[in-house]
Number of protein chains: 2
Amino acid sequence: MSITSTVMSAPHVLETGRDVRLYARSHPCPNTSGLAPTYLQANLLILPSKYASDFRLLCARNPVPCPLIAESSAPGKWDSIRSYLPGLDGEAILTDVDMRNDAPKYNVYKDSKLVKFGCSNIMDDWTDDHVAFLIGCSFSFESSLTKAGLPPLHIIMKRNVPMYRTSIPLCPAGVFTGSTFVVSMRPYKASDIPSVRNVTRAFSTTHGEPIAWGWDAVKVLCIEDLDSPQWGDVPITQDGVPLGILSGDDELVPVFWGCGVTPQEAVMRTNLQGVIMAHTPGHMLLLDCKDSEIVA
Amino acid sequence: MSITSTVMSAPHVLETGRDVRLYARSHPCPNTSGLAPTYLQANLLILPSKYASDFRLLCARNPVPCPLIAESSAPGKWDSIRSYLPGLDGEAILTDVDMRNDAPKYNVYKDSKLVKFGCSNIMDDWTDDHVAFLIGCSFSFESSLTKAGLPPLHIIMKRNVPMYRTSIPLCPAGVFTGSTFVVSMRPYKASDIPSVRNVTRAFSTTHGEPIAWGWDAVKVLCIEDLDSPQWGDVPITQDGVPLGILSGDDELVPVFWGCGVTPQEAVMRTNLQGVIMAHTPGHMLLLDCKDSEIVA
């Protein structure tokens, strides 16, 4: 089986969140896992303002897959945000930003159908009525896992994290009904799971501790095939073996976290009218604040 | 089929939350659905302090079934609370209270096993190390439903609301793993569900809008038998027919909300050591603030 990674090389100068934003503004840019370590990364969802109130409620009711960090300071504003993070104002999170251009890749939905995938900016689709929402991303705690001697396998393998649809329902909110959790997956030794839970627990605004783990969890979440993630790369071990062909007797087991792709999935499941935009999964908007600033 | 209600008559003088507390302190008292209308009601969970931090996180990660309103102002404090409700301090929520005695009935768990059911107080079991948590209760929005011309059936029938275990997992938090949502159920006409959702949506600290509705939801939640609730009374229509024997063609369909019995279920599913106490489902602690004070 031949498996190639979707990861391109990033220049070494991208040390800060701002570096990545400015680079992505004018260059093709790889997925952002492992870029500008310790800087927060955010999922983007950009909605017509009539859906903003229901979306805030969706996030409040489902804070693990949809931890709301910030939103546009007013409809139409792509260069300033208001923060929902305690102790950090909008300027501490993000300055010198163009949210229409500073994520490496974007998706565009029209009337809940995907019409553009992986475009480099959304200048033509953004209107004065759009509100951008920033949602926490689990890439933000990967530096802490690495520091604790628990580097995620996809980082070692220079691949994107695998992401899956599940059957776990979101609590509905207004127009947002019938949606389910999306999860990201990082394999670990079963004996490391308590430490993995402990390290990530403090990052409540970037999905926090895992929602499920072990081979049983694959069934509980109704993931059909671990080797066919809906987003990101197929998970492979350091021996080059796809994780999903391992049995329950093997050393590595899958560990699942809430994933900020969930809101995009909610958009697809809901009959929303108009133009909705988002980052392309794995290609996040980098922020100016650091993981140490959000630890609970 | 003979179905009798578990509801006793309550004296008409119980007009305020404080009235109900003082009455329950020294008298047998019925379930609290419909008592002191418009006053907030709270689920109680009382834990050894070593579990308090994980329980706060469980609530933060699962705000729909576990909306945290307040907790003891310090370990061992049964007469004062600190509030988590914006704009309402502990004294606005609850004064002149003995949380060991002012709910109509209590359950006591030892090492996660139920050892006392429906006792009138927990004076003998409370210690200086216990922390009481107050969790929102959906009885709090029933007055608003009634005012909107949508009185819950169990109130009309003078019965307790039916409550069910489901298969929907809670997001784990520390020691609390392997738990699932408990839901309360109120049947409505399918055509009334949009209004029911709208009325209850604003009550985010008392479970907010429903999490699922319709006959399909019974399957999604893995409720085995609608006529065998795990807590509360069997749901019957005004014709005296158990709701569960109706088919999908009938006028009334089940509507499910997150339920504050969820934390008790989480305690039973988790191997916690020591004495844990709670109200008996349906027999809530009445508060001093009103539903209009918590509408978002």
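Residues numbered from 1 in each chain as written. Chains lettered and ligands numbered in written order. Predicted model: local features only at pLDDT ≥ 70, side-chain atom pairs only at ≥ 80, totals over all residues. Heavy atoms only, no water.

Identification of chain A as DUF1445 domain-containing protein from Xylaria flabelliformis is taken from an unreviewed UniProt entry.

Draft legend 1. Expanded view of the overall build of chain A. Looking only at helices and strands, one finds eight helices and 12 strands in chain A. In terms of overall size, chain A behaves like a compact globule, its C-alpha atoms giving a radius of gyration of 18 Å where 296 residues would be expected to give roughly 19 Å. Seen through its principal axes, chain A has C-alpha atoms that stretch 55 × 45 × 40 Å. Out of the 296 residues belonging to chain A, those deemed buried represent 58%. Look at the contacts in chain A between residues 6 or more apart in sequence, and 75% of them connect residues 24 or more apart. Carbon and sulfur atoms form 51% of the exposed surface of chain A, whose accessible area is close to 11,300 Å². Averaging the locations of the 24 positively and 31 negatively charged side chains of chain A gives two centres separated by 3 Å. (Helix = DSSP H or I, 4+ residues; strand = E, 2+ residues; numbered from the N terminus. Rg over C-alpha atoms; globule rule 2.2 N^0.38 Å. Buried < 20%, exposed > 50% of the residue type's maximum accessible area, 1.4 Å probe, protein only. Contact = heavy atoms within 4.5 Å. Areas by Shrake-Rupley, 256 points an atom, 1.4 Å probe, with all protein chains shown as cover. Lys, Arg positive; Asp, Glu negative; His and termini not counted. Charge placed at Lys NZ, Arg CZ, Asp CG, Glu CD.)

Draft legend 2. Up close: the interface of chain B and chain A. In this complex, chain B contributes 21 residues to the contact, which on the side of chain A involves 21 residues. For the pairing of chain B and chain A, the buried interface totals around 1,600 Å² over both sides, and the portion due to carbon and sulfur atoms is 67%. On the surface where chain B and chain A come into contact, there are zero salt bridges. Breaking the side of chain B that touches chain A down by element, the ones donating at least two residues are α2 (52–61), β7 (163–169) and α6 (193–201) of chain B. The element contributing the most residues to the side of chain B that touches chain A is α2 of chain B, with three residues. The residue inventory of the side of chain B that touches chain A, partitioned by class, reads 13 nonpolar, four polar and four charged. (Buried area = accessible area lost by both parts, 1.4 Å probe. Salt bridge = Lys/Arg side-chain N within 4 Å of Asp/Glu carboxyl O. Nonpolar A, V, L, I, M, F, W, Y, C, P; charged D, E, K, R; others polar.)

Draft legend 3. Representation of the relation of the copies chain B and chain A. When chain B is brought onto chain A, the operation consists of a screw motion whose angular component is 180° and whose axial shift is 0.0 Å, with 0.0 Å RMSD remaining. Each copy turns onto its partner about a two-fold axis. A high fraction, 100%, of the interface residues of chain B reappear at the interface in chain A, so the copies pair face to face through one surface. (Least-squares fit on C-alpha atoms with pLDDT ≥ 70 in both.)

Draft legend 4. Quick look at the packing of aromatic side chains. Residue and element names in this part refer to chain B. Evaluation of the coordinates by the stated rule reveals 10 aromatic pairs over all chains. The interplanar angle of 55° and the centroid separation of 4.8 Å between the aromatic rings of F55 and F133 together place this pair among those described as tilted. On the criterion of sequence distance, the pair formed by F55 in helix α2 and F133 in strand β6 (residues 130–136) is long-range, its members being 78 residues apart. Neither F55 nor F133 differs from the other in exposure class; each is buried. (Phe/Tyr/Trp six-rings, centres within 6.5 Å; stacked < 30°, edge-to-face > 60°.)

Draft legend 5. Expanded view of the sheet that holds β7 of chain B. All names here are of chain B. If you trace the four strands from one edge of the open sheet to the other, you get β7-β8-β10-β9, paired in antiparallel fashion. Every interior strand has two partners, whereas the edge strands, β7 and β9 (212–213), have only one. Examined bridge by bridge, strand β8 (residues 180–189) and strand β10 (residues 252–258) share seven bridges and lie antiparallel to one another. Residue pairing for β10: P187 is matched across the bridge by P254. Relative to β8, helix α8 (residues 262–269) is tilted by about 145°, and along the sheet it contacts β7 and β8. (Pairing = 2+ DSSP bridges. Axes fitted to C-alpha atoms, helices over the stretch in contact; angles between N-to-C directions.)

Draft legend 6. Quick peek at a nonpolar patch on the surface. A surface patch of nonpolar side chains, about 300 Å² in accessible area, is lined by L114, F117 and M268 of chain A. As for its placement among the helices and strands, L114 of chain A is situated in strand β5 (residues 113–119). (Patch = residues over 30% accessible without salt bridge, like charges linked within 9 Å, V, L, I, M, F, W, Y side chains within 5 Å.)

Draft legend 7. Region of the structure containing the domain arrangement of chain A. All names here are of chain A. Once the domains are mapped, chain A shows domain 1 (17–139 + 272–293) and domain 2 (141–258). Taken over C-alpha atoms, the centre of domain 1 sits 22 Å from the centre of domain 2. In this complex, domain 1 contributes 28 residues to the contact, which on the side of domain 2 involves 28 residues. Between domain 1 and domain 2, roughly 2,300 Å² of surface is buried when both sides are summed, and carbon and sulfur atoms account for 63% of that area. Across the contact surface, domain 1 and domain 2 share zero salt bridges. The interface formed by domain 1 and domain 2 holds 12 residue pairs in polar contact (both at pLDDT 80 or more) in total. Listed by contribution, the elements that provide at least two residues to the side of domain 1 that touches domain 2 are β1 (39–48) and α2 (52–61). Per element, the largest residue contribution to the side of domain 1 that touches domain 2 is five residues, and it comes from α2. (Domains from an automatic or database assignment. Polar contact = N/O pair within 3.5 Å; in protein donor to acceptor, adjacent residues only side chain to side chain.)

Draft legend 8. The arrangement of the sheet that holds strand β8 (residues 180–189) of chain A in detail. Residues and elements named next belong to chain A. With antiparallel pairing, four strands are arranged side by side in an open sheet as β7-β8-β10-β9. Looking at which strands have only one partner, the edges of the open sheet turn out to be β7 (163–169) and β9 (212–213). Across the sheet, helix α8 (residues 262–269) touches β7 and β8, and the angle it forms with β8 is around 145°.

Draft legend 9. Main features of the nonpolar core. One finds L47, L134, F256 and L287 of chain B to be the most contacted residues of the largest nonpolar core, which totals 78 residues. Ranked by residues supplied to this core, first place goes to strand β1 (residues 39–48) of chain B with six residues. Taken domain by domain, this core gets at least three of its residues from each of domain 1 (17–139 + 274–290) and domain 2 (141–258) of chain B. Excluding anything up to four places from it in sequence, L287 of chain B contacts G17, R18, R21, Y39, L40, A42, I69, I93, L94 and L134 of chain B. Core analysis: the second largest hydrophobic core is formed by 76 residues, A52, I168, A212 and V267 of chain A among them. (Core = buried A, V, L, I, M, F, W, Y, C linked by side-chain atoms within 4.5 Å.)

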